[in-house]
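# Inside the fold
In case you want the letters, here they are:
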Amino acid sequence: MMTFVTGEPPSLKGVWFALEGSPEAQRAAHSIAHKLGAKSFVIEPGAKLLYHAFAAMLSPMLATELAAAEEVGLRAGIGAWM
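Residues numbered from 1 in each chain as written. Predicted model: local features only at pLDDT ≥ 70, side-chain atom pairs only at ≥ 80, totals over all residues. Heavy atoms only, no water.

## Brief notes about the confidence of the model for the protein chain
Detailed reading of the predicted coordinates is not advisable wherever pLDDT is low. Chain-level pLDDT for the protein chain is 88 on average; 96% of the residues reach the 70-or-more range. Per-residue pLDDT, averaged within each element of the protein chain, yields its smallest value for helix H2 (residues 48–58) (86) and its largest for helix H1 (residues 23–35) (97). (pLDDT = per-residue confidence, 0-100. Helix = DSSP H or I, 4+ residues; strand = E, 2+ residues; numbered from the N terminus.)

What follows is the structure in structure tokens.
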């Protein structure tokens, strides 16, 4: 789970990649990750949905969503009296 910024080539050294697929695909992806200086781990096909839910819950957008919720609550008068 990594943020990519336009115009800023990222360093993938030490970044973790989740792999899922056939054994051959996993080996190829692991080799690519290794050549990039990254690390990898395998997730089971049945865990893919949960992995993506996990990623969404931890994304940088969470902080943005919480800040927006705070602003909406303040505009509604919530917090002014708390």
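## Let's talk about the pattern of salt bridges
Tallied over the entire structure, the rule returns two salt bridges. With its nearest N and O atoms 3.1 Å apart, the salt bridge here joins Lys48 to Glu20. On the criterion of sequence distance, the pair formed by Lys48 in helix H2 and Glu20 in the loop between strand S1 (16–19) and H1 is long-range, its members being 28 residues apart. Overall, the relative accessible area of 38% leaves Lys48 in the partly exposed class. Take Glu20: its relative accessible area is 31%, and that puts it in the partly exposed class. In this structure, the salt-bridge partner of Arg75 is Glu71, at a minimum N-O distance of 2.9 Å. On the criterion of helical spacing, the pair formed by Arg75 and Glu71 is a turn pair, its members being four residues apart in helix H3 (residues 61–75). (Salt bridge = Lys/Arg side-chain N within 4 Å of Asp/Glu carboxyl O. Buried < 20%, exposed > 50% of the residue type's maximum accessible area, 1.4 Å probe, protein only.)

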